[in-house]
Amino acid sequence: MQTYYLRCQLLIVATVFLNLTACESNPSHRPTIGGAIKLVDNKEKGLCFLPNFETAYLTSTKKYEDLKFINLSYVDVTRGDDPLSNKLVWQASTAPNQFYKLKEGESICMNQHSSELNVRKYNFLNNDKYTVTIRGMDDKKEYNLRFIERFIYPIK
């Protein structure tokens, strides 16, 4: 009987250990890196979105200072204040399971096309409130990343 309980305890310990190590290696089980986006209205390239690496944070009390570049999945511009809105105005995205290496100081512009990004334009920007979201992973692919900026167009 004692052998049975000992085996059960070992099985429970092994299961807990595996669950903990699996959670640690999965970026979706870690906090998301957040940050701000600078907006630049360029006559040639249109509205440009520049992630501000200096604002990167893991939690409200912990800055993320080691961000070298962003493994970009997509950039969404939605109408309104909600980054989860389904009112998509513009999107630049990579192919599934691919990333675009967005370096510090590099921006994504609405009128500049890249062979590595698929751009879809649904509506023109007019006098309204918008939200831009940059999604991807950090340079080490350890953390998910979401930079968000709300703005009123036209930019002043």
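J.: How would you summarise the pairing of strand β2 (residues 46–59) if you had to cite specific residues and measurements?
T.: A large share of β2 lies buried, amounting to 10 of its 14 residues. Here eight bridges tie strand β1 (residues 33–42) to β2, and the two strands are oriented antiparallel to one another. The partner of lysine 38 across the bridge, within β2, is leucine 50. Count of turn residues in the β1/β2 antiparallel hairpin: three residues.

J.: Now, about the state of the cysteines: what can you tell me, with residues and values included?
T.: Applying the stated criterion across every chain, the model contains one disulfide. Linked covalently through their sulfurs, cysteine 48 and cysteine 109 form a disulfide whose S-S length is 2.0 Å. Because the torsion about its S-S bond is 105 degrees, the bridge between cysteine 48 and cysteine 109 counts as right-handed. Taken together, the residues span a long stretch of sequence, with cysteine 48 in strand β2 and cysteine 109 in strand β7 (residues 108–109) at a distance of 61 residues. Considered together, cysteine 48 and cysteine 109 belong to a single accessibility category, that of buried residues.

J.: Let's hear about unusual backbone geometry: which residues, and what values?
T.: Each neighbour pair has its own omega, and for tyrosine 153 with proline 154 the value is 5 degrees, a cis peptide bond. Mapped onto the elements, proline 154 comes out in the segment after β10 (144–153). Phi angles above zero are rare outside glycine, and asparagine 97 is one such case at about 60 degrees. As for its placement among the helices and strands, asparagine 97 is situated in the loop between β5 (88–93) and β6 (100–103). With relative accessibility at 77%, the residue asparagine 97 sits in the exposed group. Although it is not a glycine, lysine 141 sits at a positive phi angle of roughly 60 degrees. The residue lysine 141 is located in the loop between β9 (128–138) and β10 in this model.

J.: Can you tell me about the environment of arginine 30, naming the residues and giving the values?
T.: Mapped onto the elements, arginine 30 comes out in the loop between α1 (2–25) and β1. Residues arginine 30 and asparagine 144, 114 residues apart in the sequence, show an inter-C-alpha distance of 7.9 Å. Within polar-contact distance, the side chain of arginine 30 engages the backbone oxygen of glutamate 142 at 2.7 Å.

J.: Tell me about the pattern of salt bridges, and name the residues and values.
T.: A full pass over the atoms with the stated rule returns four salt bridges. A salt bridge links aspartate 66 to lysine 68; the nearest nitrogen and oxygen atoms lie 2.7 Å apart. Using a relative accessible area of 34% as the deciding quantity, one classes aspartate 66 as partly exposed. Note that aspartate 66 is salt-bridged to lysine 140, the shortest N-O span being 2.8 Å.

About the criteria used
- Residues numbered from 1 in each chain as written.
- Predicted model: local features only at pLDDT ≥ 70, side-chain atom pairs only at ≥ 80, totals over all residues.
- Heavy atoms only, no water.
- Buried < 20%, exposed > 50% of the residue type's maximum accessible area, 1.4 Å probe, protein only.
- Helix = DSSP H or I, 4+ residues; strand = E, 2+ residues; numbered from the N terminus.
- Pairing = 2+ DSSP bridges.
- Disulfide = S-S within 2.5 Å.
- Polar contact = N/O pair within 3.5 Å; in protein donor to acceptor, adjacent residues only side chain to side chain.
- Salt bridge = Lys/Arg side-chain N within 4 Å of Asp/Glu carboxyl O.

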